[in-house]
Every structure is written in C-alpha cells, then in structure tokens.
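# Residue-level structural notes
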Amino acid sequence: SPSKERDSFYILINSSNYRHRGGGLRDGMFLGLEEDIESLIRNEETVQFFLIGVFTIMGFYHLTLFYQRHEDYVSLWFSLFLVSLGARLFFNNSYLDNFLENPGNLQFLLNRRLEFITVFFAVPAIIGYTQYLFPSFMPKKFLKINLLISVLAITFIIFTEPITFFKTLPFMWGQGIIAMLMTIYVAVKEAFRKTDYSITFLISFILFLMAAIQSILVTQHILPPPEWLPIAGTIFVFIQSSILSKKFSIAYRTAERLSQNLFDEVRVQTKEAVD
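A few points on the structure. Model, not experiment: these values are computed from the prediction.

### Some thoughts on the environment of Trp173
- Of note, Trp173 is situated in helix H6 (residues 169-192).
- Classification of Trp173 by relative accessible area gives partly exposed; the value is 32%.
- C-alpha of Trp173 to C-alpha of Val119: the two residues are 54 residues apart in sequence and 9.7 Å apart in space.

Structure below.
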C-alpha cells in the first residue's frame, strides 16, 4: 500500500526484446489477490481450450469423411482450415510452454514459427474449400498460386529468425485479403445464381472476415482486446458444417433417386427383352 507521505506509487517493469517484432505488455496488467488472478487466467484458458477443441475435433471429423471418400475434397480443405485455426490459437498463446518444465529460447522460436506457419497454411485451405464448394467461378490456378506462395513463405520462416521472418507479414496480409475478396466474389456470384446454401455461406463468411480484421487491429495495438475471431470462427465452423451436411444430404437423395430410376429402367428393359 502507499506510504503515509505519498498517496501513489510506481511499478517499474524492466523488459528486453531481441527476437520478436513487438514486445511489452500487450494486454495490459492486472493487479489483485493471487486467487482472483488465477481464477481470471483459468477462465480465459478454458474459453481458449474450448475453441481449440472445437476446431481440432471438427477438423479431424471432416478429415475422416475425406478418408472414407477420397473424392470429397471439400471435406479435406475444410478440415485443414479448421486444424490450422486450432493450431493458431494454441501456438499464438504459447500453450505449449505449459507442458514443459523449463521453456526456453528454442521453445519461443518454435511457438513463433508455428504461429506464422498456421496462417500461411490456413489461407490456401479456405481457398481450396471455396473452390470445391463453388467450382463455377473460382479460377483454377488461384489455388495453385496461393499454395506456391505459402510453401515459399513457410520455407523462409523455418530457416530464419523471428526478427527476420516477421517481414513476411505484408505478404501474409496481402495473400489473406486477396483470398477473402475472391471468396466473397465467388459467393456473391453463386448467390445471384441462387445456388443452394450460397447466401448462408456469404453471410457467415463476411461475419468471420469482420472478426478477422478486428483481430488484426488488436494485434497491431490499434483496437483494445478482446479479439472476436475465436467466437466468430466457432459460429462460422458450425454454419459451414451444416452446409456440408446439407450438401451430403442432397447428394445422397440424388444417388437414391438415380438408383431407383436405374432399377426401373433395368426392369423395363428386361421385360422387353423377355417379351
């Protein structure tokens, strides 16, 4: 508590930053009793791990669907997108350090590398998902170009230090913005054609994009925390899962109808042959 002579006091924090593009107290500082601070941290980590679990479980679920039917590239790209989101949350918050007794510099480098890699992994994944969900208007080479950019960026990140590979941020933002605009363009075109589930996809994607922009502004200290991306991402995931479920349902009913028509046609042709 303050002394009798003075009604205020200073807290001095010494910090050093040799390897990261931005140091310091990103989210400010909390003062209080130990049990209150621990409760605050536990509540925040509970929400984060819930989101990580949702993204990871749903990602592996759709990956299993692709494993059962290898022609289902929609499920493949969607699963890769979800897994990259879950990994992004995990490594961005350095939760890997909680499982190590003495996390050091190498662990810091690993967290930062994986934090960047997951973003470059997620961009082509959402492009691939959109391309196979709405194949009519997405340029065929757009996915290959973004895959090449991501592979080059990931290779650069693996072999350089954080103070160097953070320079890939403009490429990350540029690639992400172009991918988002292209995805919206495709969804709008499909909505005008009244394609099934196109309007639902467009609305959910715009909400997700707005949350992503807000998250970037928070990261750059332009807006205060918290970030909306985890919550909006969860809503986006469940909406997309419902879209895929509807898509599979339509495909199943179509297959049933075609099978029944084939059976009727075979019966008619057999009767004519017998006659």
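### Quick notes on the packing of aromatic side chains
- Taken as a whole and assessed by the stated rule, the structure comprises 15 aromatic pairs.
- With a centroid separation of 6.0 Å and an interplanar angle of 75 degrees, the aromatic rings of Phe81 and Phe208 are classed as edge-to-face. In this pair, Phe81 sits in helix H2 (residues 73-92) while Phe208 sits in helix H7 (residues 198-219), placing the two residues 127 residues apart along the sequence.
- Centroid distance Phe81 to Phe236: 6.2 Å. Interplanar angle 80 degrees. Geometry classified as edge-to-face. Highlighted residues: Phe81 in helix H2 and Phe236 in helix H8 (residues 229-274), separated in sequence by 155 residues. The exposure classification of Phe81 matches that of Phe236, with both residues buried.
- Through successive ring pairs, a cluster of aromatic residues spans Phe78, Phe81, Tyr129, Phe134, Tyr197, Phe201, Phe205, Phe208 and Phe236.

### Describing the nonpolar core
- Grouped together as the largest cluster of nonpolar side chains are 42 residues, with contacts concentrated most on Phe81, Ile127, Tyr129, Leu133 and Phe201.
- Looking at which element gives the most residues to this core, the answer is H2, with ten residues.
- Counting residues in each nonpolar core, the second largest holds ten residues, with Val119, Ile154, Phe165 and Leu169 among its members.

### Considering the pattern of salt bridges
- Per the counting criterion, the structure on display carries two salt bridges.
- One salt bridge connects Glu115 with Arg112, and the closest N-O pair in it is separated by 2.7 Å. Highlighted residues: Glu115 and Arg112, both in helix H3 (residues 105-133), separated by three residues, approximately one helical turn.
- By sharing partners, the salt bridges in this structure join Arg88, Arg112 and Glu115 into a single network.

The rules behind each value
Residues numbered from 1 in each chain as written. Predicted model: local features only at pLDDT ≥ 70, side-chain atom pairs only at ≥ 80, totals over all residues. Heavy atoms only, no water. Helix = DSSP H or I, 4+ residues; strand = E, 2+ residues; numbered from the N terminus. Buried < 20%, exposed > 50% of the residue type's maximum accessible area, 1.4 Å probe, protein only. Phe/Tyr/Trp six-rings, centres within 6.5 Å; stacked < 30°, edge-to-face > 60°. Core = buried A, V, L, I, M, F, W, Y, C linked by side-chain atoms within 4.5 Å. Salt bridge = Lys/Arg side-chain N within 4 Å of Asp/Glu carboxyl O.

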